[in-house]
Amino acid sequence: MSDIEHLVTDHFSGHAFPCRGGETLLNAAARSGRQIIRVGCRAGGCGLCKVQVLGGRYDTGKMSRAQVSEAEEVRGFVLACRTLPAGALEILSQNETNA
Amino acid sequence: MNKGVMRPGHVQIRVMDMAAAVHHYRDVVGLVETHRDAAGRVYLKGWTESDKFSVVLRETDQPGLDFNGFKVVSNEVLDSLAGELKAFGCKVEEIPAGELDDCGRRVRFDSPTGHIFELYAEKTRTGKWGLPSVNPEAWPRGLAGMKVNRFDHCLFYGGDLDGTFDLFTSVLGFHLTEQVVDGDLRIAQFLTCSMKEHDIAFIRHAEDGKLHHVSFELETWEDMLRAADIITMEDVPHDIGPTRHGLTHGQVVYFFDPSGNRNEVFCGGDYFYPDHEPVTWTADKLGKAIFYHSRELNDRFLSALT
Ligand code: FES
Ligand SMILES: [Fe+2]
């Protein structure tokens, strides 16, 4: 973990929360104290934490192909437990695929 | 009626990162690694198990369970059950001996809830790990992590619970030990082919073919606490427990493997003889049936599946 903080803005709930360097998007959302993203396995398998990134840079770890298809990945769909923001991020925590 | 199905024998678990999975199942859960095959699959077992392996890890791009295999008493039983499975309407496939190293031929079949099962009669027997079969000590030294005794059972989610109930009771000779009913609808069923409280269980769910958990047996409530301590020490994603289920009365801890497959370690619970009546829970008491102490349902426990 570094001192860097990235601001994450969720355009579904209207809430914004900080994400520390090296922290997963899901952890940061959970730490904000609001239920912005559903928490499941925290291991990229169950798909409960699926969100769409609308803008910003990020890295992802292994995500279940059953939960995020290649086409979806291209459109910014990620599993938040496997996503590390690399800068400010705009997300949509709920949408037609996980509402 | 007993149809010659002895016990749960193996599972093949899909994982997304083999090194992380081996660390989890071997060093954290405490299974013993017994083999690696040419396809890159890793074979493990609980130390008390007599056959060479019970857990096979296969690396791919999505988690879940490839199949759950049951050992039957003989090749004659295997042949007759293969015929009965076909007559029932299952898609039946013969897997030749050696597709899994050290395992005899398998009869693979699908089920109304979309899960794949297997029967087999032969697997290389290596005996309890670390102990001789003559004058053995109480337990072997050198076990890791939670030191689980054995792979015990799976719990699956799927739609046609009644169809899979027929398959397991009428074709395979399992008994219903416990159920949850919502009016006339059975929404959970626990089935056994032994004296154990369950050897397999199913919960009604919109999506077919899903895995809720793979379970490993431990001996005592103290072991539950120790398992939960290890989950924290290793920073494993924790789900729930130590606690007790109303269903089965088993004592449990749940957590996730590095690919998001849920694991259970459990101890205790009821037993079954074929003259027992099934235990029934009603849907309005579902909270207590699942979590006997909090008596509250938990979204993650019910909906995180692979
Ligand atoms: S919480 Fe299960 S995939 Fe992220
Ligand atoms: Fe279980």
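Note that the structure is predicted; figures quoted are calculated from it, not measured. (Residues numbered from 1 in each chain as written. Chains lettered and ligands numbered in written order. Predicted model: local features only at pLDDT ≥ 70, side-chain atom pairs only at ≥ 80, totals over all residues. Heavy atoms only, no water.)

Trainee: Got a minute to help me understand the overall build of chain B in this structure?
Mentor: A count of helical and extended segments in chain B gives 6 helices and 17 strands. For chain B, whose C-alpha radius of gyration is 18 Å, the value lies close to the compact-globule estimate of 19 Å for 306 residues. By its C-alpha atoms, chain B is 50 × 45 × 45 Å across when sized along the principal axes. For chain B, the residues scored as buried account for 56% of the 306 residues in total. Considering only intrachain contacts with a sequence separation of at least 6, the fraction spanning at least 24 residues in chain B is 68%. Accessible surface, chain B: about 12,700 Å² in total, of which carbon and sulfur atoms supply 50%. The distance from the centre of the 32 positive side-chain charges to the centre of the 48 negative ones in chain B is 3 Å. (Helix = DSSP H or I, 4+ residues; strand = E, 2+ residues; numbered from the N terminus. Rg over C-alpha atoms; globule rule 2.2 N^0.38 Å. Buried < 20%, exposed > 50% of the residue type's maximum accessible area, 1.4 Å probe, protein only. Contact = heavy atoms within 4.5 Å. Areas by Shrake-Rupley, 256 points an atom, 1.4 Å probe, with all protein chains shown as cover. Lys, Arg positive; Asp, Glu negative; His and termini not counted. Charge placed at Lys NZ, Arg CZ, Asp CG, Glu CD.)

Trainee: Can you walk me through the interface of chain B and chain A in this structure?
Mentor: Accessible area lost on assembly of the parts is the figure often given for the size of an interface. Of the residues lining the interface, 19 residues belong to chain B; the matching set on chain A comes to 17 residues. The contact between chain B and chain A buries some 1,200 Å² in all, and 53% of this surface belongs to carbon and sulfur atoms. On inspection of chain B and its partner chain A, the count reaches 1 salt bridge. Looking at the side of chain B that touches chain A, the element that brings in the most residues is helix α6 (residues 299–303) of chain B, giving 3 residues. (Buried area = accessible area lost by both parts, 1.4 Å probe. Salt bridge = Lys/Arg side-chain N within 4 Å of Asp/Glu carboxyl O.)

Trainee: What should I look at first to understand the coordination of the iron ion (ligand 2) in this one?
Mentor: Ideal values for angles at a metal depend on the geometry: 109.5 degrees with four tetrahedral donors, 90 or 180 degrees with six octahedral donors. All names here are of chain B. Those protein atoms acting as donors to the iron ion (ligand 2) are His153 (NE2), His213 (NE2), Glu264 (OE) and Glu264 (OE), and they sit at 2.1 to 2.6 Å. Taken together, the 4 donor atoms coordinating the iron ion (ligand 2) span angles of 51 to 135 degrees at the metal, a pattern that classifies the geometry as irregular. Mapping the donors of the iron ion (ligand 2) onto the primary sequence gives the spacing H-x59-H-x50-E. Highlighted residues: histidine 153 in strand β9 (residues 150–158) and histidine 213 in strand β13 (residues 210–217), separated in sequence by 60 residues. (Donors = N, O, S within 2.8 Å, 3.2 Å for Na, K, Ca; no water. Tetrahedral: all angles 85-135°; square planar, octahedral: opposite > 155°, others 65-115°.)

Trainee: Where do I start with a nonpolar patch on the surface in this structure?
Mentor: There is a patch of nonpolar side chains on the surface, built from Met195(B), Tyr271(B) and Tyr273(B) and spanning about 350 Å² of accessible area. With respect to the helices and strands, the residue Tyr271(B) is situated in the loop between β16 (262–267) and β17 (279–282). (Patch = residues over 30% accessible without salt bridge, like charges linked within 9 Å, V, L, I, M, F, W, Y side chains within 5 Å.)

Trainee: Looking at this structure, how should I read the pairing of strand β3 (residues 42–45) of chain B?
Mentor: On a regular strand, one side chain projects to one face of the sheet and the next to the other, so that they alternate. Residue and element names in this part refer to chain B. Residue alternation in β3 divides its side chains into two sets, Val42 and Leu44 and Tyr43 and Lys45, and both sets are buried. For strand β2 (residues 32–36) and β3, the ladder comprises 4 bridges, and the chain directions are antiparallel. Its bridge partner lying in β3, glutamate 33 is registered against leucine 44. Here β2 hands over to β3 after 5 residues, with glycine 40 in that stretch at a positive phi of 90 degrees. (Pairing = 2+ DSSP bridges.)

Trainee: Sorry, what's going on with the sheet that holds strand β7 (residues 89–92) of chain A here?
Mentor: Either a parallel or an antiparallel arrangement is found when strands of a sheet pair, and the pairing is made through backbone hydrogen bonds. Residues and elements named next belong to chain A. One open sheet accounts for 5 strands, arranged β2-β1-β7-β3-β5; its pairing is mixed. Looking at the sheet topology across the chains shown, the edges are occupied by β2 (16–20) and β5 (77–79). Neighbour-to-neighbour, the strand axes of this sheet turn through a mean angle of 40 degrees, independent of strand direction. Sheet topology note: the strand β3 (residues 50–55)/β5 ladder contains 3 bridges and is antiparallel. By the bridge assignment for β5, glutamine 52 is matched with phenylalanine 77. (Axes fitted to C-alpha atoms, helices over the stretch in contact; angles between N-to-C directions.)

Trainee: I tried to follow the pattern of salt bridges on my own but got confused; where do I start?
Mentor: Opposite charge on two side chains permits pairing when their charged atoms draw close. All names here are of chain B. Across all of its chains, the model carries 30 salt bridges over all chains by this definition. The salt bridge involving glutamate 99 is made with arginine 106; its shortest N-O contact spans 2.7 Å. Residue class for arginine 106 comes out buried when judged on its relative accessible area of 0%. A salt bridge links aspartate 162 to arginine 204, with the nearest nitrogen and oxygen atoms 3.5 Å apart. One end of the pair, aspartate 162, is in helix α3 (residues 161–171); the other, arginine 204, is in strand β12 (residues 200–204), and 42 residues separate them in sequence. When its relative accessible area of 25% is taken as the criterion, arginine 204 is described as partly exposed. A cluster of three or more residues bridged by salt bridges with shared partners is formed by Asp37, Arg41, Glu99, Arg106, Arg108 and Glu118.

These values are about where atoms sit, not about what they do.
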